[in-house]
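# Topology and contacts: notes
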Amino acid sequence: MDPHSRFSKFNSRQTRAGPVASPSRYMEPTKLAVSLDGFTPKKGPKTPSTPNKPSAAQATLYIERPIATNSRIKQDEQYRKDMYLAFVNNALQQKAMGVSDAFDELVDQFNPRKISPSAPSPAPQLRLWILALSHVVSRLERVHSALVEAVVNVPWTTMDTSFVKSYTNFIGMLVSARPEYLSLVLGKIAQGLTYQSGLQALDAGLPETSSRPLTRRIVYDRIHFLLRHLIALVPTLPTTLQPLLARNFPHKRQDQVAQVTYIRNLLRVTDYCPEIADRVLATVIDRAIQIDVEIQVEIEELEEQLESQDQGEMFEIDPFDTVLGQEGDEHDSDEEDDGDDDNLSDLSSDAGGDPDDDSDQEDEATDFRHIHSMMHKLDSILKIIFDHFNKTHAITDPVFTPSPSTLSSRSDSPLAPAGPPHALSSLTLEEGKALRRAQFSTLLAIFDRTILRTFKSRYTQFIVFWYSSLDPEFADLFQGMLVSKSLLEEDQPAVTRAAAASYIASFVSRAQFVDREGARRVVAVLCNFLRNRLDVFEAAVKGGGLTAFGMNVAQHSVFYAVAQAVFLIFCFRWRDLLEDQDDVDEFTPATAPSKKWMPELDVVQRVVTSELNPLKVCSVNVVMQFARVAHATGFVYCYSIMDANRRSEYAPSAPGAATGALSGRLPKGLVFDSMTSELNTFFPFDPYKLPRSGSYIHGVYRDWASVAIDEDEDDEDEDEEEGNPTEEDLSSQPVGVFINGAQATETDDAADGLGQSFGGMSISPARPTQLSQVLVI
């Protein structure tokens, strides 16, 4: 046969368009791919109506029924995907031509409010829409922002795992192809880290395919997984993320669980996004400061006021382990109670209001309840910060053993990475030290920028106190910064320098981890500063330039703050200031040789007898206790000067009367301002009384009871040595010189019990006193 004939077999080849469809139909018998000869029916009683083999009609039915294979399922799924993709393409094309019907219908598919509660879970259908949009993500321009916003607002964290994975991939492709939507996505992520986001997600209902309760931990783990995915795709993301995190920070009036939840999420973000760690930590500490300054009453007084009232229990369970929907009613009721307060930006006691309104007096109990609530908020916030740093220190220091309470909680998220949830586990020892140094440098910057310049904070500064205890290098750096601020940086405001002097005094006195050499170095620097200031002041007096010198308010206020710092450190650390460590007997008999103190302390005699008269200006508690300890240890005698100071308050000042410590009067033109008198009562590291976070402080804190001189033994020794002197005997003793075995007048009785008040010394607002104030006029 001619090969070119139209009947040739070479011309009957199949086309390249694809296989030819089989002409057979489903109901026609086809050749089976799997044989059923190996299967036998069950044995049973044979009856005439039960044939041994199936009839031909029955066999035909078995053969003709289609078999659902994996390939057919995949083909059907791909067919559905193609249909959804075709609809999306058509909607975008119609939108480009000005027809929005199909586009609006597409947007409505992501509206959870239009889903009926009785309908099955919308996750499978929404997943197909997400997969279809993934193919056209580069075409989602500004005109399609309504569609992108609808997709971003989908409560995806409550869906099943397959939808969460598809959604995460889509968001990653979206921000990579269209950076203009990055702020929208990050804003929703930042909002999702709040406590209220879990309540808002309940509107879509829980997925029916969930095999276990959906807890907040799972929701937050999914959000963190998405954020980590985006950070890996967009390196410049942190600069956009940080302002959004600060914007969504809960108001200080929101309840404790809202504060704790958001701060925990923020600190977790810093673990995998260290670029914003310092700014996030500054935001958290700033919120702690805002709450801290409102707690200006003693905790004991607060508990006495509230003991007769019914107080709610602090939440003991982890809010991350609560199931979504179980806490909604209680939280809503709290928000209704505090709804009036949330509309105000600042509700402190100094805020404006009608002074004649008697309703404030009626709400006194409510104010105590408010302070009690703020105290628990601050305690929980500080506990979270301590736990965060403690966990970091435990991971980076192989010798350190963390407490069980600081171990990270398990993660139930299906998308949680394997192994430890944080990236710190792979750090080497050197990298861990570098990380701790960086964190401490951040804390010092925050302290200088915020804490040091915030007056009357009670507990927030203990973050730096505790972190300084982790390494002797940190304690030296902190002390060096405080000494520099108070003594060397003369361009700093006088208030800042005086506050730094108060910090250095309280830190050296209270920190157990500041060793003997560290305390002596600080005291030596402070004493040298006092010596230089006295030299300048005395030279000005002799040269007749006292008025010009006295006009410098900063020099005088800093002088008094530094003098008070020396007094306070001496009360706590006088044993470390001795030259001979074996000569630590508290009570020096009259016949015993004098104790040998460090040479720099010689200037204290000039300080207490100078015309600036710091014993009249400094805090009464510090002056009384310093006089008592200095007298008991044979260091210096101050009671005569203190008596002269008291008499000068009631005696009229005659023209040309003497000034200085001998007369109890200050130089002319020198009076005190209110800020200086308040700084004299500011002791930053007073005893730490917050219950939950206090466990971090108690082990590194020096209480007054551990260094106080025994009062009873002191009195017995004095009674045995000599009788009580008369006032004439006291006036004949040299004023302010180093003596041994000197006795005090009734002033010593006033100092009885000061040990208790000194140990619990408070920075609560002091009652008005007769003290003058340091301004030069």
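Parameters and conventions
Residues numbered from 1 in each chain as written. Predicted model: local features only at pLDDT ≥ 70, side-chain atom pairs only at ≥ 80, totals over all residues. Heavy atoms only, no water. Helix = DSSP H or I, 4+ residues; strand = E, 2+ residues; numbered from the N terminus. Buried < 20%, exposed > 50% of the residue type's maximum accessible area, 1.4 Å probe, protein only. Contact = heavy atoms within 4.5 Å. Areas by Shrake-Rupley, 256 points an atom, 1.4 Å probe, with all protein chains shown as cover. pLDDT = per-residue confidence, 0-100. Lys, Arg positive; Asp, Glu negative; His and termini not counted. Salt bridge = Lys/Arg side-chain N within 4 Å of Asp/Glu carboxyl O. Expected span 1.5 Å × (residues − 1). Polar contact = N/O pair within 3.5 Å; in protein donor to acceptor, adjacent residues only side chain to side chain. Phe/Tyr/Trp six-rings, centres within 6.5 Å; stacked < 30°, edge-to-face > 60°. Core = buried A, V, L, I, M, F, W, Y, C linked by side-chain atoms within 4.5 Å. Arc of directions from axis to C-beta. Axes fitted to C-alpha atoms, helices over the stretch in contact; angles between N-to-C directions. Parallel < 35°, antiparallel > 145°, perpendicular 65-115°, else oblique. Left-handed = near helix turned anticlockwise from the far one by under 90°. Nonpolar A, V, L, I, M, F, W, Y, C, P; charged D, E, K, R; others polar. Disulfide = S-S within 2.5 Å.

Turning next to the overall build of the chain. Helices and strands together make up the secondary structure of the chain, namely 34 helices and 2 strands. When each of the 777 residues of the chain is scored for burial, the buried share is 47%. Taking the intrachain contacts of the chain between residues at least 6 apart in sequence as the baseline, contacts between residues at least 24 apart amount to 81%. Counting only carbon and sulfur atoms, one obtains 52% of the accessible surface of the chain, whose full area is about 40000 Å².

Of all residues in the chain, 59% have pLDDT values of 70 or greater, and the mean over the chain is 73. Here strand E2 (residues 774-776) stands out as the element of the chain with the lowest mean pLDDT, 34, in contrast to helix H19 (residues 462-468), whose mean of 96 is the highest. Of the regions scoring below 50 in pLDDT, residues 59-63 engages in 3 contacts with residues more than four places distant in sequence or in other chains. Every residue in residues 328-366 scores below 50 in pLDDT, and together they form 22 contacts with partners more than four places removed in sequence or on other chains.

Below, the discussion takes up the side chain of aspartate 292. Tracing the sequence through the fold places aspartate 292 in helix H12 (residues 277-292). Although aspartate 292 is buried, it makes no salt bridge; arginine 458 carries the closest opposite charge, 5.4 Å away.

Phi angles above zero are rare outside glycine, and asparagine 613 is one such case at about 50°. If you trace the backbone, asparagine 613 turns up in the loop between helix H25 (603-609) and helix H26 (614-617).

The end-to-end C-alpha separation of helix H20 (residues 472-488) is 23 Å, in line with the 24 Å expected for 17 residues at 1.5 Å each. If you check which residues of H20 are buried, you get Phe474, Ala475, Phe478, Gln479, Met481, Leu482, Val483, Ser484, Lys485, Ser486 and Leu487. At the N-terminal boundary of H20, the capping side chain belongs to aspartate 471, with an oxygen 3.0 Å from the backbone nitrogen of glutamate 473.

According to the stated counting rule, one finds 38 aromatic pairs in the structure shown. Centroid distance tyrosine 459 to tyrosine 688: 5.2 Å. Interplanar angle 80°. Geometry classified as edge-to-face. Note that tyrosine 459 is positioned in the loop between helix H18 (429-451) and H19 and tyrosine 688 in the loop between helix H29 (674-679) and helix H30 (695-698), a separation of 229 residues in sequence. With relative accessibility at 2%, the residue tyrosine 459 sits in the buried group. Here tyrosine 688 falls in the buried class, since its relative accessible area comes to 6%. Ring pairing ties together the aromatic residues Phe447, Tyr459, Phe462, Phe465, Phe478, Tyr503, Phe507, Phe513, Phe685, Tyr688 and Tyr701, which thus form one cluster.

Core analysis: the largest hydrophobic core is formed by 181 residues, its most contacted members being Phe110, Leu245, Phe478, Phe567 and Phe626. Among the elements that line this core, the one with the most residues is helix H24 (residues 553-573), at 14 residues. With residues near it in sequence (within four places) discarded, phenylalanine 478 still touches Phe440, Leu444, Phe447, Val464, Ser468, Phe507 and Phe685.

Let us now look at helix H3 (residues 101-108). For an α-helix, the turn length of 3.6 residues means that residues three or four places apart are oriented alike. Of all the positions in H3, only Ala102, Phe103, Leu106 and Val107 are classed as buried. When H3 is viewed along its axis, its buried side chains cluster within an angular range of 140° and face the same direction.

Positionally, leucine 230 belongs in helix H9 (residues 216-233). With a relative accessible area of 0%, leucine 230 lands in the buried category.

Per the stated rule, a full pass over the model turns up 19 salt bridges. The shortest N-O distance in the salt bridge between arginine 178 and glutamate 141 comes to 4.0 Å. With arginine 178 in the loop between helix H6 (161-177) and helix H7 (182-192) and glutamate 141 in the loop between helix H4 (123-135) and helix H5 (145-152), this pair connects stretches of sequence that are 37 residues apart. Glutamate 294 serves as the salt-bridge partner of arginine 253, at 3.2 Å between the closest nitrogen and oxygen. Taken together, the residues arginine 253 in the loop between helix H10 (237-247) and helix H11 (256-272) and glutamate 294 in the loop between H12 and helix H13 (299-306) connect sequence positions 41 residues apart.

By the secondary structure assignment, alanine 511 is in the loop between helix H21 (494-510) and helix H22 (516-542). Each C-alpha atom, one on alanine 511 and one on tryptophan 466, is 9.1 Å from the other, the two residues being 45 residues apart in sequence. Excluding anything up to four places from it in sequence, alanine 511 contacts Phe465, Arg573, Val700 and Arg702.

Running from N to C, H20 and H22 cross one another at 5°; their axes reach a closest spacing of 12 Å. By the angle between their directions, the pair H20 and H22 is classed as roughly parallel. Along the contact surface, H20 presents Asp476, Gln479, Val483 and Leu487, while H22 presents Gly518, Arg521, Val522, Val525, Leu526 and Phe529.

The interhelical angle for the contact between H20 and H21, taken along N-to-C directions, is 145°, at an axis separation of 7 Å. In this structure, H20 crosses over H21, and the sense of that crossing is left-handed. On the side of H20, the interface is formed by Ala475, Phe478, Gln479, Leu482, Val483, Lys485, Ser486 and Leu487, while H21 contributes Arg497, Ala500, Ala501, Tyr503, Ile504, Phe507 and Val508. When grouped by side-chain class, the residues that make up the contact of H20 with H21 number 11 nonpolar, 2 polar and 2 charged.

Okay, the state of the cysteines next. Taken as a whole and assessed by the stated rule, the structure comprises 0 disulfides. Just so you know, cysteine 638 is unpaired, no disulfide at all, and the nearest cysteine sulfur is the one on cysteine 571, 9.9 Å from it.

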